[in-house]
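Chain by chain, the residues:
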Amino acid sequence: MMTSWISRKRSYLPLGFLGTGIAAVAAGVVSPWPISLLIRGLFTIGANLTVKEMRAYEPTSGVNEVLDCSYGNRGADTTFDVFPPADSMGQRPTVVWIHGGGWISGDKTDVNPYARILASHGYTTVTLNYTIAPEAIYPAALNQLTDALGFLIAHAAEYGIDPNRIVLAGDSAGSQFAAQLACMITNPVYADRVGIQPTLTPQQLRAVVLNCGIYDVSGIPDAPGPGPWGFRAALRSYLGQRDWAHTEGGQLMSTLHYVTGDFPATWISGGNADPLTASQSRPMASRLAELGVDVTPVFYPDQTDPALPHEYQFHLDLADAQTALTATVTFLDRVTSQQTA
């Protein structure tokens, strides 16, 4: 998760981080580690608060769980959790959720409450871990997530997964991963350029759910203000170079420029107080619509009150977050009930 808690939970900001931050910024000139660890610590505080908020809305029955399964041995953190509905109806349409955290923080457990909620609506849900930066740099996580999808298809019956009704979902940086994986799956030219062979076919990937994501990093190197500065620090850690914007990986992250009309049906949203909505989510929704993709955009007027921050969809105390959840389930019901060609 990114920074939704900053606007809603300011009183939790630890004062000790302020002095640490000054030192970290100075140290970050020569190493990405200090500032990455600082940002990770702040994000972890926010994620823990948000998980606590979501737990009040988790189902108390009707959902099973299989935790800390392994999908491979390509680096650390190649684990996943599965939440199948408790009935015995076999293989279900499946939502595979990739957690956010600015590529440098986060864990599958940050989104498990939301996954359980979706499972209560009849979906097998899976939450994935991957090795965050700077412990591993691009394209390690993309390779791991590709491995994970292949593993889930190979073991579909074991986990109650319908291999022909997969929905990729993500929040924040996880949304960037989901969009990039979907672009690789549906655009062979792009997949060849990335250099990773997809493990899902376009027919298996029914849709994507994109919450508060990043789809065009090309403007971040020159953007003013503290928000882009944080992104620059995170992207330096993730891509492994100070001049990350001119790396192949940095250019290929901007899926806005590589999506085609074959991109899967898309549910996409961002809050009115999330700076990524205007710069990322709305342009992505517009581009997909121009290409003729089946797009369900969920956005809000600028005057929406209470304001909806980054990752608003997880703040289920908010009426608009509940509305977004209902819209997500309605979208999932529609796209997974359709017959493939």
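Keep in mind that what you see is a predicted model, and the values were worked out from it rather than measured. (Residues numbered from 1 in each chain as written. Predicted model: local features only at pLDDT ≥ 70, side-chain atom pairs only at ≥ 80, totals over all residues. Heavy atoms only, no water.)

1. Observations regarding helix H11 (residues 275-290)
Over its 16 residues, H11 runs 23 Å from end to end, which matches the ideal 22 Å to within 8%, given 1.5 Å per residue. Where H11 bends most, the angle comes to about 30°, and this point is Ser-281, followed within four residues by the proline Pro-283. The N-cap of H11, judged by a side-chain oxygen 2.9 Å from the amide nitrogen of Leu-276 a few residues on, is Asp-274. (Helix = DSSP H or I, 4+ residues; strand = E, 2+ residues; numbered from the N terminus. Expected span 1.5 Å × (residues − 1). Bend = angle between axes of the 7 residues up to and from the residue. Polar contact = N/O pair within 3.5 Å; in protein donor to acceptor, adjacent residues only side chain to side chain.)

2. Let's talk about the packing of helix H5 (residues 140-154) against helix H7 (residues 173-186)
Where H5 contacts H7, the two axes come as close as 11 Å, and the packing angle between them is 65°. It follows that H5 is roughly perpendicular to H7 by the angle criterion. The handedness of the crossing between H5 and H7 comes out as right-handed. Within the contact between the two elements, H5 uses Ala-141, Leu-142, Leu-145, Thr-146 and Leu-149 and H7 uses Phe-177, Gln-180, Leu-181 and Met-184. Residue composition of the contact of H5 with H7, grouped by class: seven nonpolar, two polar and no charged. (Axes fitted to C-alpha atoms, helices over the stretch in contact; angles between N-to-C directions. Parallel < 35°, antiparallel > 145°, perpendicular 65-115°, else oblique. Left-handed = near helix turned anticlockwise from the far one by under 90°. Contact = heavy atoms within 4.5 Å. Nonpolar A, V, L, I, M, F, W, Y, C, P; charged D, E, K, R; others polar.)

3. Concerning the sheet that holds strand S5 (residues 161-171)
If you walk across this open sheet you meet the eight strands as S1-S2-S4-S3-S5-S6-S7-S8, and the pairing is mixed. Every interior strand has two partners, whereas the edge strands, strand S1 (66-70) and strand S8 (295-298), have only one. This sheet shows a mean twist of 20° between the axes of neighbouring strands, independent of strand direction. Relative to strand S4 (residues 124-128), strand S3 (residues 92-98) is paired through five bridges, and the arrangement is parallel. Bridge pairing in S4 places Thr-94 opposite Thr-124. Its contacts with the sheet put H7 on S3, S5 and strand S6 (205-211), and the angle it makes with S5 is roughly 135°. (Pairing = 2+ DSSP bridges.)

4. With respect to the pairing of S8
Pairing between strand S7 (residues 265-269) and S8: four bridges, direction parallel. Considered in S8, the bridge of Thr-266 is made with Val-295.

5. Observations concerning unusual backbone geometry
For the bond from Ala-133 to Pro-134, the omega torsion is 0°, close enough to zero to count as cis. On the secondary structure map, Pro-134 appears in the loop between S4 and H5. For the bond from Asp-305 to Pro-306, the omega torsion is 5°, close enough to zero to count as cis. Position of Pro-306 among the secondary structure elements: in the loop between S8 and helix H12 (319-337). Despite not being glycine, Glu-311 shows a phi value in the positive range, around 65°. By the secondary structure assignment, Glu-311 is in the loop between S8 and H12. Given the relative accessible area of 0%, Glu-311 is considered buried. (Buried < 20%, exposed > 50% of the residue type's maximum accessible area, 1.4 Å probe, protein only.)

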